[in-house]
Amino acid sequence: MTTKVVTIASGKGGVGKTTAVANLAVALAQDGRKVVCIDGDIGLRNLDVVMGLENRIVYDLVDVVEGRCRLRQAMIRDKRLPELFLIPAAQTRDKNAVSPSDMVRLCDELRQECDWIIIDSPAGIERGFRNTIAPADKVIIITNPEVSAVRDADRVIGLLEADGKTDQGLIINRVNQAMVKRGDMLSVDDVLDLLAIELLGIVPEDENVIVGSNRGTPIVLDGKSKASQAFMNISQRLQGHKVPFIDLEEQTGLWNKLTKFARGGE
Amino acid sequence: MADSNLIQIKGLRDGLLVTLGEGGWSVLHSSLLLQIDEKTEFFKGAKLALDVGNQELHVSEMTDLRDELSDREIILWAVLSNSPTTENTAQMLGLATRLSKVRPDTPVQVKPVSSEDSAMWVKRTVRSGVRLEYEGNVVVLGDVNPGAEVVAGGSVVVWGRLRGVVHAGATGDADAVVCALDLSPTQLRIAAEIATTPERRSQPVPEMARLKDGHLIAEPWQPG
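Predicted, not measured: the structure shown is a model, and the values here were computed from it.

1. A few points about the interface of chain B and chain A
Counting residues at the interface gives 15 residues for chain B and 14 residues for chain A. Going through the elements one at a time, helix 3 (59–71) and helix 4 (84–92) of chain B are the ones with two or more residues in the side of chain B that touches chain A.

Next comes the structure, spelled out in structure tokens:
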């Protein structure tokens, strides 16, 4: 297959870019693909922490760009999946250490080596954002069902359109169906209505995500929770398979529990 | 070596107008920076309007230039171009695309926009951060999202949901109107009057807003 470079961006911070990168990379690698993820958040790196590879960093992205090491030396192999690699960001530098053309060159070199390149974009729409967008074949915009996050996503989509990056997909992260039902949260339809781009996935709010991030174990690795199922579905859709969207309805009523029990549990 | 035919510099009332000649962007771009670096004192603190002619510039090129100019303490406030792509990019970045705007000391002339005047035709979703500005009428086929601004000398028609800020009759024309299939702007202005959208109770219907006896009113659109 031809290598695909996918950048995950959001505009607003804290909506789940890094978590999504880690989980999608793991899900693709579990499907037997060779995946390299790149942390584009120079100066504020944390993809290494979320993936649990922090203590293995020797060289980073800026070292590669400035020629202090070969590309291979900066690729950290995941401890669980041998086909998954991370190129970490430098922590002691800033976004100006890398240019958009550096990123294009780096990804062109990586294209010979792997099936997927997943890039974590920093928050904001400045230099760091442009660095990570430059090499992308596809950009995934991730947002929360919150007015401010959706507003920023809309701005990012506009900037991408102006830059001719038209292959876009949307992930709506941290959807709390109970709040949506009470009318306290934007629904998936509300968000889609405004942003009007292709929906790639809906990820329900899930405490396990935070636990996983803190432990350096992306939740897709255990694969049980609804959020991890959602990320696996997104990885399937990225690979061109049609997967129905998961049912977000909370099955908490007594009747639901009984029927589930009768069906033999979850 | 900077070729002086490529770049022409003219003083304006409140800044500099730099006109670029024909040529590849990378050549023009670097000779512009070269000229500036040769005359640092002259350019320092200047407000720069850049006429790029037919150049097609995308966001990355324009933001790069803006950053490089701001490193040299020059403010890029306008990009003029014949290319719709470039104008689009400039609007996307919140830069002016016309010079006439910045003249606060000239008396405002109320010039009604006649219905025969041409309109700006926008067939896409106007997203957050984009500012559309036109001296005539503006027609948008698509939504105007929250965070976007449409400013027209004449009237504004949105065949879609209008949820951003809209200003019709921006040069004082009190006969301007705003029509939308779903008229729910963050803020609606006609001439000097400002209103916000009341909390909507029912399904949206096509509406038209106009000035009546100095007050902004919105009424459901009656065909015929």
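2. Observations concerning the sheet that holds strand 4 (residues 75–80) of chain B
Residue and element names in this part refer to chain B. Pairing is mixed in the open sheet, where 4 strands are placed in the order 1-2-3-4. Either end of the sheet is taken by a strand with one partner, and the two such strands are strand 1 (7–12) and strand 4. For this sheet the average axis-to-axis angle between neighbouring strands, irrespective of direction, equals 25°. In terms of strand pairing, strand 3 (residues 47–51) meets strand 4 through 5 bridges, oriented parallel. Across the sheet, residue A49 finds its bridge partner in strand 4, namely A78.

3. Considering the domain arrangement of chain B
Along its sequence, chain B is organised into domain 1 (7–92) and domain 2 (119–220). Relative to domain 2 of chain B, the C-alpha centre of domain 1 of chain B lies at a distance of 32 Å.

4. Let's talk about helix 9 (residues 188–195) of chain A
Residues and elements named next belong to chain A. Turning to helix 9, its buried residues number three or more, namely V191, L194 and L195. Viewed along the axis of helix 9, the buried residues span an arc of 90°, placing them on a single side of the element. Elements in contact with the buried residues of helix 9: strand 6 (138–143), helix 7 (147–162) and strand 7 (168–175). Just downstream of helix 9 lies A196, where phi reads positive at about 50°.

The rules behind each value
Residues numbered from 1 in each chain as written. Chains lettered and ligands numbered in written order. Predicted model: local features only at pLDDT ≥ 70, side-chain atom pairs only at ≥ 80, totals over all residues. Contact = placed C-beta atoms within 7 Å. Helix = DSSP H or I, 4+ residues; strand = E, 2+ residues; numbered from the N terminus. Pairing = 2+ DSSP bridges. Axes fitted to C-alpha atoms, helices over the stretch in contact; angles between N-to-C directions. Domains from an automatic or database assignment. Buried ≥ 20, exposed ≤ 12 C-beta atoms within 10 Å, placed from the backbone. Arc of directions from axis to C-beta.

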